[in-house]
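Residues per chain are reported as follows:
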There are 6 protein chains.
Amino acid sequence: MSDKWLPNLQTEDAQAGYELAIKLSRMGVKYTQPSDEERTRMRPEYASNADSLIASSQVIAINFQTVAAANNYWIAK
Amino acid sequence: MSDKWLPNLQTEDAQAGYELAIKLSRMGVKYTQPSDEERTRMRPEYASNADSLIASSQVIAINFQTVAAANNYWIAK
Amino acid sequence: MSDKWLPNLQTEDAQAGYELAIKLSRMGVKYTQPSDEERTRMRPEYASNADSLIASSQVIAINFQTVAAANNYWIAK
Amino acid sequence: MSDKWLPNLQTEDAQAGYELAIKLSRMGVKYTQPSDEERTRMRPEYASNADSLIASSQVIAINFQTVAAANNYWIAK
Amino acid sequence: MSDKWLPNLQTEDAQAGYELAIKLSRMGVKYTQPSDEERTRMRPEYASNADSLIASSQVIAINFQTVAAANNYWIAK
Amino acid sequence: MSDKWLPNLQTEDAQAGYELAIKLSRMGVKYTQPSDEERTRMRPEYASNADSLIASSQVIAINFQTVAAANNYWIAK
(Lines give C-alpha, C1' and ligand atoms only; values in the text may rest on other atoms or scores of the structure.)
Protein backbone atom coordinates (compact mmCIF):
# COMPACT_ATOMS: atom_id res chain seq x y z
CA MET A 1 0.00 0.00 0.00
CA SER A 2 2.01 2.90 -1.27
CA ASP A 3 -0.55 5.70 -1.09
CA LYS A 4 -0.65 8.17 1.77
CA TRP A 5 -3.65 7.64 3.96
CA LEU A 6 -2.34 8.75 7.38
CA PRO A 7 -0.28 11.94 7.38
CA ASN A 8 -0.67 12.53 11.13
CA LEU A 9 -2.96 11.90 14.11
CA GLN A 10 -4.15 15.48 14.68
CA THR A 11 -7.86 16.15 14.32
CA GLU A 12 -10.09 19.16 14.71
CA ASP A 13 -12.11 17.76 17.61
CA ALA A 14 -13.00 14.58 19.49
CA GLN A 15 -15.55 13.37 16.96
CA ALA A 16 -13.12 13.72 14.06
CA GLY A 17 -10.68 11.82 16.26
CA TYR A 18 -13.19 9.06 16.77
CA GLU A 19 -13.73 8.87 13.02
CA LEU A 20 -9.96 8.65 12.49
CA ALA A 21 -9.96 5.75 14.98
CA ILE A 22 -12.53 4.02 12.81
CA LYS A 23 -10.35 4.56 9.75
CA LEU A 24 -7.33 3.12 11.58
CA SER A 25 -9.38 0.10 12.59
CA ARG A 26 -10.49 -0.52 9.01
CA MET A 27 -6.98 -0.12 7.68
CA GLY A 28 -5.86 -2.87 10.05
CA VAL A 29 -8.31 -5.15 8.30
CA LYS A 30 -7.35 -3.88 4.86
CA TYR A 31 -3.63 -4.51 5.31
CA THR A 32 -4.41 -8.09 6.31
CA GLN A 33 -7.02 -8.63 3.59
CA PRO A 34 -6.23 -6.24 0.73
CA SER A 35 -8.95 -7.54 -1.60
CA ASP A 36 -11.88 -5.10 -1.71
CA GLU A 37 -14.03 -7.88 -3.07
CA GLU A 38 -13.28 -10.21 -0.17
CA ARG A 39 -13.93 -7.52 2.44
CA THR A 40 -17.20 -6.59 0.77
CA ARG A 41 -18.24 -10.23 0.76
CA MET A 42 -17.61 -10.49 4.52
CA ARG A 43 -19.42 -7.31 5.46
CA PRO A 44 -22.97 -8.71 5.85
CA GLU A 45 -21.50 -11.54 7.91
CA TYR A 46 -20.03 -9.42 10.69
CA ALA A 47 -22.43 -6.49 10.37
CA SER A 48 -25.29 -8.74 11.42
CA ASN A 49 -23.40 -10.51 14.19
CA ALA A 50 -23.53 -8.89 17.62
CA ASP A 51 -20.22 -10.28 18.84
CA SER A 52 -18.40 -9.13 15.71
CA LEU A 53 -19.86 -5.66 16.15
CA ILE A 54 -18.77 -5.54 19.79
CA ALA A 55 -15.28 -6.65 18.74
CA SER A 56 -15.21 -3.95 16.06
CA SER A 57 -16.17 -1.35 18.62
CA GLN A 58 -13.33 -2.60 20.82
CA VAL A 59 -10.72 -2.09 18.10
CA ILE A 60 -12.07 1.42 17.52
CA ALA A 61 -11.85 2.08 21.27
CA ILE A 62 -8.19 1.07 21.34
CA ASN A 63 -7.34 3.24 18.36
CA PHE A 64 -9.34 6.10 19.86
CA GLN A 65 -7.10 5.94 22.94
CA THR A 66 -4.13 6.60 20.68
CA VAL A 67 -5.75 9.39 18.72
CA ALA A 68 -7.08 11.04 21.88
CA ALA A 69 -3.65 10.99 23.52
CA ALA A 70 -2.10 12.39 20.32
CA ASN A 71 -4.49 15.32 20.56
CA ASN A 72 -4.02 15.82 24.29
CA TYR A 73 -7.69 14.89 24.59
CA TRP A 74 -8.67 18.09 22.76
CA ILE A 75 -8.48 19.86 26.11
CA ALA A 76 -6.97 23.12 24.92
CA LYS A 77 -9.54 23.55 22.15
CA MET B 1 -22.90 10.30 9.97
CA SER B 2 -22.80 14.05 9.65
CA ASP B 3 -24.47 15.11 12.90
CA LYS B 4 -22.48 16.21 15.91
CA TRP B 5 -22.62 13.67 18.71
CA LEU B 6 -19.21 14.15 20.37
CA PRO B 7 -18.13 17.75 20.86
CA ASN B 8 -15.52 16.92 23.50
CA LEU B 9 -14.58 14.40 26.21
CA GLN B 10 -15.13 16.62 29.26
CA THR B 11 -17.78 15.54 31.74
CA GLU B 12 -19.09 16.83 35.02
CA ASP B 13 -18.00 13.84 37.08
CA ALA B 14 -16.86 10.20 36.88
CA GLN B 15 -20.34 8.78 36.41
CA ALA B 16 -21.10 11.10 33.51
CA GLY B 17 -17.73 10.01 32.14
CA TYR B 18 -18.72 6.39 32.43
CA GLU B 19 -21.95 7.14 30.60
CA LEU B 20 -19.99 8.88 27.84
CA ALA B 21 -17.85 5.74 27.59
CA ILE B 22 -21.04 3.76 27.04
CA LYS B 23 -22.07 6.17 24.30
CA LEU B 24 -18.67 5.85 22.62
CA SER B 25 -18.96 2.06 22.75
CA ARG B 26 -22.38 2.13 21.15
CA MET B 27 -21.26 4.53 18.45
CA GLY B 28 -18.53 2.05 17.52
CA VAL B 29 -21.26 -0.45 16.80
CA LYS B 30 -23.43 2.11 15.04
CA TYR B 31 -20.71 3.22 12.63
CA THR B 32 -20.17 -0.43 11.65
CA GLN B 33 -23.87 -1.28 11.47
CA PRO B 34 -25.76 1.95 10.75
CA SER B 35 -29.18 0.32 10.43
CA ASP B 36 -31.28 0.98 13.55
CA GLU B 37 -33.49 -1.91 12.58
CA GLU B 38 -30.60 -4.37 12.40
CA ARG B 39 -29.16 -3.25 15.75
CA THR B 40 -32.57 -3.53 17.38
CA ARG B 41 -32.97 -7.02 15.98
CA MET B 42 -29.65 -8.11 17.52
CA ARG B 43 -30.26 -6.60 20.95
CA PRO B 44 -32.07 -9.57 22.58
CA GLU B 45 -29.36 -11.86 21.21
CA TYR B 46 -26.44 -10.25 23.02
CA ALA B 47 -28.38 -8.87 25.98
CA SER B 48 -29.19 -12.40 27.07
CA ASN B 49 -25.73 -13.82 26.42
CA ALA B 50 -23.26 -13.58 29.28
CA ASP B 51 -20.14 -13.53 27.11
CA SER B 52 -21.53 -10.77 24.91
CA LEU B 53 -22.33 -8.73 28.01
CA ILE B 54 -18.83 -9.23 29.39
CA ALA B 55 -17.39 -8.18 26.03
CA SER B 56 -19.62 -5.11 26.02
CA SER B 57 -18.41 -4.18 29.48
CA GLN B 58 -14.84 -4.54 28.23
CA VAL B 59 -15.36 -2.06 25.39
CA ILE B 60 -16.90 0.37 27.87
CA ALA B 61 -13.88 -0.12 30.17
CA ILE B 62 -11.47 0.76 27.37
CA ASN B 63 -13.41 3.87 26.41
CA PHE B 64 -13.69 4.82 30.07
CA GLN B 65 -9.89 4.82 30.30
CA THR B 66 -9.83 7.45 27.56
CA VAL B 67 -12.56 9.59 29.06
CA ALA B 68 -11.06 9.37 32.54
CA ALA B 69 -7.63 10.44 31.29
CA ALA B 70 -9.24 13.29 29.36
CA ASN B 71 -10.76 14.54 32.61
CA ASN B 72 -7.60 14.01 34.65
CA TYR B 73 -9.60 11.42 36.57
CA TRP B 74 -11.87 14.17 37.95
CA ILE B 75 -9.29 14.70 40.68
CA ALA B 76 -9.50 18.46 40.91
CA LYS B 77 -13.28 18.40 41.20
CA MET C 1 -30.14 4.93 35.39
CA SER C 2 -30.58 8.16 37.25
CA ASP C 3 -29.19 7.25 40.66
CA LYS C 4 -25.68 8.17 41.70
CA TRP C 5 -23.41 5.15 41.93
CA LEU C 6 -20.03 6.65 40.99
CA PRO C 7 -19.23 9.98 42.60
CA ASN C 8 -15.47 9.72 41.96
CA LEU C 9 -12.61 7.25 41.46
CA GLN C 10 -10.74 7.89 44.71
CA THR C 11 -10.39 4.98 47.11
CA GLU C 12 -8.73 4.44 50.46
CA ASP C 13 -6.24 1.83 49.24
CA ALA C 14 -5.44 -0.57 46.41
CA GLN C 15 -7.88 -3.24 47.49
CA ALA C 16 -10.77 -0.79 47.67
CA GLY C 17 -9.65 0.32 44.21
CA TYR C 18 -9.80 -3.23 42.96
CA GLU C 19 -13.28 -3.57 44.38
CA LEU C 20 -14.33 -0.36 42.65
CA ALA C 21 -12.97 -1.87 39.41
CA ILE C 22 -15.26 -4.84 39.97
CA LYS C 23 -18.18 -2.51 40.46
CA LEU C 24 -17.36 -0.64 37.25
CA SER C 25 -17.17 -3.95 35.39
CA ARG C 26 -20.57 -5.02 36.68
CA MET C 27 -22.12 -1.68 35.83
CA GLY C 28 -20.96 -2.15 32.23
CA VAL C 29 -23.06 -5.28 32.15
CA LYS C 30 -25.97 -3.66 33.96
CA TYR C 31 -26.22 -0.72 31.55
CA THR C 32 -26.39 -3.17 28.65
CA GLN C 33 -28.78 -5.57 30.37
CA PRO C 34 -30.76 -3.58 32.97
CA SER C 35 -33.03 -6.46 34.01
CA ASP C 36 -31.95 -7.85 37.38
CA GLU C 37 -33.88 -11.00 36.60
CA GLU C 38 -32.03 -11.61 33.34
CA ARG C 39 -28.63 -11.01 34.90
CA THR C 40 -29.46 -13.35 37.78
CA ARG C 41 -30.55 -16.00 35.29
CA MET C 42 -27.21 -15.80 33.47
CA ARG C 43 -25.02 -15.89 36.57
CA PRO C 44 -24.68 -19.70 36.94
CA GLU C 45 -23.89 -19.89 33.23
CA TYR C 46 -20.78 -17.73 33.30
CA ALA C 47 -19.78 -18.42 36.90
CA SER C 48 -19.19 -22.05 36.02
CA ASN C 49 -17.44 -21.39 32.73
CA ALA C 50 -13.68 -20.92 32.91
CA ASP C 51 -13.42 -18.73 29.80
CA SER C 52 -16.19 -16.43 31.00
CA LEU C 53 -14.43 -16.07 34.34
CA ILE C 54 -11.13 -15.25 32.64
CA ALA C 55 -12.93 -12.68 30.48
CA SER C 56 -14.54 -11.18 33.59
CA SER C 57 -11.14 -10.90 35.24
CA GLN C 58 -9.88 -9.13 32.15
CA VAL C 59 -12.57 -6.46 32.30
CA ILE C 60 -11.77 -5.94 35.97
CA ALA C 61 -8.07 -5.63 35.09
CA ILE C 62 -8.81 -2.89 32.54
CA ASN C 63 -10.99 -0.96 34.96
CA PHE C 64 -8.37 -1.42 37.68
CA GLN C 65 -5.83 0.31 35.43
CA THR C 66 -8.10 3.35 35.37
CA VAL C 67 -8.79 3.37 39.10
CA ALA C 68 -5.12 2.82 39.94
CA ALA C 69 -4.04 5.72 37.73
CA ALA C 70 -6.75 7.90 39.26
CA ASN C 71 -5.26 7.21 42.69
CA ASN C 72 -1.66 7.65 41.54
CA TYR C 73 -1.23 3.98 42.38
CA TRP C 74 -1.77 4.75 46.09
CA ILE C 75 1.93 5.59 46.27
CA ALA C 76 1.73 8.53 48.64
CA LYS C 77 -0.42 6.62 51.11
CA MET D 1 -14.55 -10.73 50.84
CA SER D 2 -13.59 -8.85 53.96
CA ASP D 3 -10.01 -9.99 54.44
CA LYS D 4 -7.09 -7.88 53.37
CA TRP D 5 -5.27 -9.37 50.40
CA LEU D 6 -3.98 -6.25 48.63
CA PRO D 7 -2.46 -3.61 50.89
CA ASN D 8 -0.59 -1.86 48.04
CA LEU D 9 0.98 -2.38 44.61
CA GLN D 10 4.63 -1.96 45.59
CA THR D 11 6.92 -4.93 45.07
CA GLU D 12 10.61 -5.62 45.57
CA ASP D 13 11.40 -6.22 41.90
CA ALA D 14 9.87 -6.95 38.50
CA GLN D 15 9.38 -10.64 39.12
CA ALA D 16 7.54 -10.05 42.38
CA GLY D 17 5.47 -7.54 40.41
CA TYR D 18 4.64 -10.16 37.84
CA GLU D 19 3.59 -12.52 40.58
CA LEU D 20 1.36 -9.85 42.07
CA ALA D 21 -0.20 -9.46 38.62
CA ILE D 22 -0.98 -13.17 38.68
CA LYS D 23 -2.60 -12.77 42.08
CA LEU D 24 -4.70 -9.87 40.84
CA SER D 25 -5.81 -11.94 37.85
CA ARG D 26 -6.86 -14.81 40.07
CA MET D 27 -8.71 -12.55 42.44
CA GLY D 28 -10.75 -11.28 39.50
CA VAL D 29 -11.90 -14.84 38.98
CA LYS D 30 -12.43 -15.42 42.69
CA TYR D 31 -14.66 -12.38 43.18
CA THR D 32 -16.86 -13.59 40.31
CA GLN D 33 -16.84 -17.25 41.40
CA PRO D 34 -16.19 -17.32 45.17
CA SER D 35 -16.61 -21.09 45.53
CA ASP D 36 -13.20 -22.77 45.95
CA GLU D 37 -14.80 -26.04 44.94
CA GLU D 38 -16.14 -24.68 41.67
CA ARG D 39 -12.85 -23.04 40.75
CA THR D 40 -10.96 -26.25 41.54
CA ARG D 41 -13.39 -28.19 39.37
CA MET D 42 -12.74 -25.88 36.42
CA ARG D 43 -8.95 -25.87 36.69
CA PRO D 44 -8.19 -28.97 34.55
CA GLU D 45 -10.57 -27.62 31.93
CA TYR D 46 -8.72 -24.37 31.25
CA ALA D 47 -5.24 -25.59 32.23
CA SER D 48 -5.31 -28.02 29.34
CA ASN D 49 -6.82 -25.65 26.82
CA ALA D 50 -4.37 -23.53 24.85
CA ASP D 51 -6.78 -20.67 24.20
CA SER D 52 -7.73 -20.44 27.87
CA LEU D 53 -4.06 -20.32 28.81
CA ILE D 54 -3.38 -17.57 26.29
CA ALA D 55 -6.36 -15.63 27.65
CA SER D 56 -5.05 -16.10 31.20
CA SER D 57 -1.67 -14.78 30.15
CA GLN D 58 -3.41 -11.77 28.66
CA VAL D 59 -5.16 -10.89 31.90
CA ILE D 60 -1.85 -11.19 33.71
CA ALA D 61 -0.24 -8.92 31.11
CA ILE D 62 -2.87 -6.24 31.69
CA ASN D 63 -2.48 -6.40 35.46
CA PHE D 64 1.30 -6.38 35.06
CA GLN D 65 1.02 -3.06 33.22
CA THR D 66 -0.66 -1.61 36.28
CA VAL D 67 1.80 -3.06 38.77
CA ALA D 68 4.79 -2.03 36.66
CA ALA D 69 3.54 1.55 36.38
CA ALA D 70 2.90 1.61 40.14
CA ASN D 71 6.54 0.70 40.70
CA ASN D 72 7.85 3.11 38.09
CA TYR D 73 9.03 0.02 36.22
CA TRP D 74 11.54 -0.71 39.02
CA ILE D 75 13.92 1.68 37.28
CA ALA D 76 15.42 3.30 40.36
CA LYS D 77 16.12 -0.02 42.03
CA MET E 1 15.62 -15.67 15.51
CA SER E 2 19.04 -14.10 15.50
CA ASP E 3 18.67 -11.53 12.72
CA LYS E 4 17.98 -7.89 13.46
CA TRP E 5 14.50 -6.88 12.46
CA LEU E 6 13.72 -4.14 15.01
CA PRO E 7 16.52 -1.65 15.64
CA ASN E 8 14.21 0.97 17.22
CA LEU E 9 10.64 2.28 17.27
CA GLN E 10 11.22 5.63 15.57
CA THR E 11 9.46 6.24 12.28
CA GLU E 12 9.24 9.10 9.83
CA ASP E 13 5.51 9.71 10.27
CA ALA E 14 2.28 8.19 11.59
CA GLN E 15 1.68 5.95 8.60
CA ALA E 16 5.17 4.46 8.78
CA GLY E 17 4.43 3.95 12.47
CA TYR E 18 1.24 2.11 11.63
CA GLU E 19 3.15 -0.09 9.22
CA LEU E 20 5.72 -0.83 11.92
CA ALA E 21 2.82 -1.83 14.18
CA ILE E 22 1.74 -4.30 11.51
CA LYS E 23 5.24 -5.71 11.38
CA LEU E 24 5.32 -6.09 15.16
CA SER E 25 1.98 -7.90 15.05
CA ARG E 26 3.21 -10.31 12.42
CA MET E 27 6.43 -10.97 14.29
CA GLY E 28 4.36 -12.00 17.30
CA VAL E 29 2.84 -14.69 15.14
CA LYS E 30 6.18 -15.62 13.60
CA TYR E 31 7.93 -16.15 16.93
CA THR E 32 5.13 -18.50 17.97
CA GLN E 33 4.92 -20.29 14.61
CA PRO E 34 8.35 -19.97 12.91
CA SER E 35 7.47 -22.15 9.92
CA ASP E 36 6.86 -20.00 6.84
CA GLU E 37 5.03 -22.90 5.28
CA GLU E 38 2.60 -23.26 8.16
CA ARG E 39 1.86 -19.54 8.28
CA THR E 40 1.29 -19.46 4.52
CA ARG E 41 -1.08 -22.40 4.84
CA MET E 42 -3.15 -20.57 7.47
CA ARG E 43 -3.36 -17.29 5.60
CA PRO E 44 -6.49 -17.98 3.49
CA GLU E 45 -8.18 -19.28 6.62
CA TYR E 46 -7.99 -16.07 8.64
CA ALA E 47 -7.90 -13.65 5.70
CA SER E 48 -11.40 -14.73 4.76
CA ASN E 49 -12.78 -14.78 8.28
CA ALA E 50 -14.23 -11.51 9.56
CA ASP E 51 -13.57 -12.22 13.23
CA SER E 52 -9.94 -13.13 12.58
CA LEU E 53 -9.49 -9.92 10.63
CA ILE E 54 -11.02 -7.86 13.43
CA ALA E 55 -8.72 -9.61 15.91
CA SER E 56 -5.72 -8.88 13.67
CA SER E 57 -6.68 -5.24 13.54
CA GLN E 58 -6.87 -5.24 17.33
CA VAL E 59 -3.31 -6.52 17.71
CA ILE E 60 -2.13 -3.85 15.26
CA ALA E 61 -4.02 -1.22 17.29
CA ILE E 62 -2.25 -2.28 20.49
CA ASN E 63 1.16 -2.20 18.84
CA PHE E 64 0.33 1.14 17.24
CA GLN E 65 -0.26 2.57 20.73
CA THR E 66 3.30 1.64 21.59
CA VAL E 67 4.84 2.97 18.40
CA ALA E 68 2.82 6.19 18.59
CA ALA E 69 3.93 6.82 22.18
CA ALA E 70 7.54 6.09 21.20
CA ASN E 71 7.30 8.82 18.57
CA ASN E 72 5.49 11.27 20.84
CA TYR E 73 2.57 10.92 18.44
CA TRP E 74 4.63 12.62 15.69
CA ILE E 75 3.51 15.94 17.14
CA ALA E 76 6.74 17.86 16.71
CA LYS E 77 7.08 16.85 13.10
CA MET F 1 8.33 -21.03 40.90
CA SER F 2 11.22 -19.99 43.07
CA ASP F 3 13.93 -19.38 40.47
CA LYS F 4 14.76 -15.91 39.25
CA TRP F 5 13.68 -15.37 35.67
CA LEU F 6 12.91 -11.64 35.64
CA PRO F 7 15.43 -9.42 37.40
CA ASN F 8 14.27 -6.23 35.68
CA LEU F 9 12.61 -4.86 32.53
CA GLN F 10 15.62 -3.08 31.02
CA THR F 11 16.86 -4.30 27.65
CA GLU F 12 19.60 -3.28 25.26
CA ASP F 13 17.28 -2.28 22.42
CA ALA F 14 13.74 -2.58 21.10
CA GLN F 15 14.16 -6.05 19.68
CA ALA F 16 15.50 -7.41 22.94
CA GLY F 17 12.51 -5.73 24.55
CA TYR F 18 10.17 -7.50 22.18
CA GLU F 19 11.81 -10.79 23.02
CA LEU F 20 11.39 -10.08 26.72
CA ALA F 21 7.70 -9.44 26.00
CA ILE F 22 7.51 -12.89 24.45
CA LYS F 23 9.11 -14.37 27.55
CA LEU F 24 6.63 -12.58 29.80
CA SER F 25 3.77 -13.90 27.68
CA ARG F 26 5.04 -17.46 27.94
CA MET F 27 5.56 -17.18 31.67
CA GLY F 28 1.91 -16.21 32.03
CA VAL F 29 1.04 -19.52 30.48
CA LYS F 30 3.64 -21.39 32.51
CA TYR F 31 2.41 -20.08 35.86
CA THR F 32 -1.09 -21.25 34.98
CA GLN F 33 0.01 -24.59 33.52
CA PRO F 34 3.38 -25.50 35.15
CA SER F 35 3.64 -28.92 33.49
CA ASP F 36 6.20 -28.83 30.67
CA GLU F 37 4.66 -31.97 29.28
CA GLU F 38 1.18 -30.49 29.09
CA ARG F 39 2.40 -27.30 27.44
CA THR F 40 4.41 -29.29 24.90
CA ARG F 41 1.35 -31.37 24.14
CA MET F 42 -0.71 -28.27 23.41
CA ARG F 43 1.87 -26.57 21.22
CA PRO F 44 0.91 -28.11 17.83
CA GLU F 45 -2.72 -27.31 18.63
CA TYR F 46 -2.32 -23.55 18.93
CA ALA F 47 0.70 -23.20 16.63
CA SER F 48 -1.41 -24.37 13.73
CA ASN F 49 -4.49 -22.35 14.59
CA ALA F 50 -4.64 -18.84 13.17
CA ASP F 51 -6.85 -17.40 15.92
CA SER F 52 -4.61 -18.79 18.66
CA LEU F 53 -1.60 -17.24 16.96
CA ILE F 54 -3.32 -13.88 16.68
CA ALA F 55 -4.25 -14.10 20.36
CA SER F 56 -0.65 -14.95 21.24
CA SER F 57 0.56 -11.94 19.31
CA GLN F 58 -1.90 -9.82 21.25
CA VAL F 59 -0.53 -10.91 24.61
CA ILE F 60 2.98 -10.15 23.37
CA ALA F 61 1.80 -6.72 22.22
CA ILE F 62 0.42 -5.92 25.67
CA ASN F 63 3.60 -7.03 27.40
CA PHE F 64 5.65 -5.10 24.84
CA GLN F 65 3.79 -1.93 25.86
CA THR F 66 5.04 -2.47 29.40
CA VAL F 67 8.61 -3.26 28.42
CA ALA F 68 8.77 -0.35 25.98
CA ALA F 69 7.52 2.11 28.60
CA ALA F 70 10.04 0.70 31.10
CA ASN F 71 12.81 1.51 28.64
CA ASN F 72 11.43 4.92 27.73
CA TYR F 73 10.94 3.49 24.25
CA TRP F 74 14.74 3.22 23.82
CA ILE F 75 14.71 6.85 22.72
CA ALA F 76 17.94 7.95 24.40
CA LYS F 77 19.88 5.07 22.97
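Note that the structure is predicted; figures quoted are calculated from it, not measured.

**Side note on the relation of the copies chain B and chain A**
Here is step 1 of the chain: Mapping chain B onto chain A calls for a screw motion: a turn of 60 degrees about the axis and a shift of 0.0 Å along it, with 0.0 Å RMSD after fitting. Read as a symmetry element, the transformation amounts to a six-fold axis. In terms of proximity to the rotation axis, the leading residue of chain B is B:Ile62, whose C-alpha is 6.9 Å off the axis.
Here is step 2 of the chain: The overlap is low: 15% of the interface residues of chain B also sit at the interface in chain A, so different surfaces are used on the two sides.

**Considering the interface of chain B and chain A**
For interface size, the figure often reported is the accessible area lost on association.
Here is step 1 of the chain: On the side of chain A, 28 residues touch chain B, which itself brings 33 residues to the contact.
Here is step 2 of the chain: When chain B packs against chain A, close to 2,500 Å² is buried across both sides, 60% of that on carbon and sulfur atoms.
Here is step 3 of the chain: Joining chain B to chain A, the criterion identifies one salt bridge.
Here is step 4 of the chain: Two residues, B:Lys4 and A:Asp13, come together in a salt bridge whose shortest N-O distance is 2.5 Å.
Here is step 5 of the chain: Taken together, the connections running from chain B to chain A amount to 15 residue pairs in polar contact (both at pLDDT 80 or more).

**Comments concerning the nonpolar core**
Here is step 1 of the chain: Ranked by size, the top nonpolar core spans 112 residues in total, and within it A:Leu9, B:Leu9, C:Leu9, D:Leu9, E:Leu9 and F:Leu9 carry the most contacts.
Here is step 2 of the chain: Membership of the second largest hydrophobic core comes to 54 residues, among which are B:Val29, C:Ala61, D:Val29 and E:Ala61.

**Regarding the pattern of salt bridges**
Residue and element names in this part refer to chain C.
Here is step 1 of the chain: Per the stated rule, a full pass over the model turns up 18 salt bridges over all chains.
Here is step 2 of the chain: For Arg-39, the salt bridge goes to Asp-36, with nearest N and O atoms at 2.7 Å. Placement of both Arg-39 and Asp-36 in helix H2 (residues 36-47) is noted, with a separation of three residues, approximately one turn of the helix.
Here is step 3 of the chain: Judged by its relative accessible area of 46%, Asp-36 falls in the partly exposed class.

What counts, and where the lines are drawn
- Residues numbered from 1 in each chain as written.
- Chains lettered and ligands numbered in written order.
- Predicted model: local features only at pLDDT ≥ 70, side-chain atom pairs only at ≥ 80, totals over all residues.
- Heavy atoms only, no water.
- Least-squares fit on C-alpha atoms with pLDDT ≥ 70 in both.
- Contact = heavy atoms within 4.5 Å.
- Buried area = accessible area lost by both parts, 1.4 Å probe.
- Salt bridge = Lys/Arg side-chain N within 4 Å of Asp/Glu carboxyl O.
- Polar contact = N/O pair within 3.5 Å; in protein donor to acceptor, adjacent residues only side chain to side chain.
- Core = buried A, V, L, I, M, F, W, Y, C linked by side-chain atoms within 4.5 Å.
- Buried < 20%, exposed > 50% of the residue type's maximum accessible area, 1.4 Å probe, protein only.
- Helix = DSSP H or I, 4+ residues; strand = E, 2+ residues; numbered from the N terminus.

Functional significance is not addressed by these values, which are geometric in nature.
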